[in-house]
Amino acid sequence: QVQLVESGGGLVQEGGSSRLSCTTSGNIFRGNTVAWYRQPPGNQREFVAAIYVNGITKYADSVKGRFTISRNRAGNVASLEMNSLKVEDTAVYYCKAITPYGDVWGQGTQVTVSS
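Residues numbered from 1 in each chain as written. Predicted model: local features only at pLDDT ≥ 70, side-chain atom pairs only at ≥ 80, totals over all residues. Heavy atoms only, no water.

Caption draft 1: Looking closely at unusual backbone geometry. Notably, S84 is not glycine yet its phi reads approximately 50°, a positive angle. Structurally, S84 is set in the loop between β8 (77-82) and β9 (91-99). (Helix = DSSP H or I, 4+ residues; strand = E, 2+ residues; numbered from the N terminus.)

Caption draft 2: Up close: the pairing of β8. Relative to β8, strand β3 (residues 18-23) runs antiparallel, the two sharing 6 bridges. By the bridge assignment for β8, R19 is matched with E81. Counting the residues in the hairpin turn of strand β7 (residues 67-71) and β8 gives 5 residues, including G75, whose phi is positive at 80°. (Pairing = 2+ DSSP bridges.)

Caption draft 3: Structural view of the sheet that holds β7. Spatial strand order, β1-β3-β8-β7: 4 strands in an open sheet with antiparallel pairing. Two strands close off the open sheet at either side, each with one partner strand: β1 (5-7) and β7. Looking at each pair of strands side by side, their axes are set apart by 15° on average, direction ignored. Here β1 runs beside β3; their pairing, made up of 3 bridges, is antiparallel. (Axes fitted to C-alpha atoms, helices over the stretch in contact; angles between N-to-C directions.)

And the structure:
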């Protein structure tokens, strides 16, 4: 069974940067869309960013210009580079692989931005 493991979360000061990674033992990210979602405290999970098989990326308006999604060539690591972080970016961040057999989610990593 494919598993995704997020890492890199933690406490960051407002205006700072952080990099999240999503790692898998296989190469599930190579031929599938990869996305990042987040769930702020007391709110529903929301879309953050995605990178498609052809390399095209898409971002939520709230993070456009500040966040960058990527994946490595081996297809086993996906990353989310986050810059100019705001307090409202505080959330649990999840990665997701969208495959023909269904979606695979990671367990999430907490990012807390302090003012």
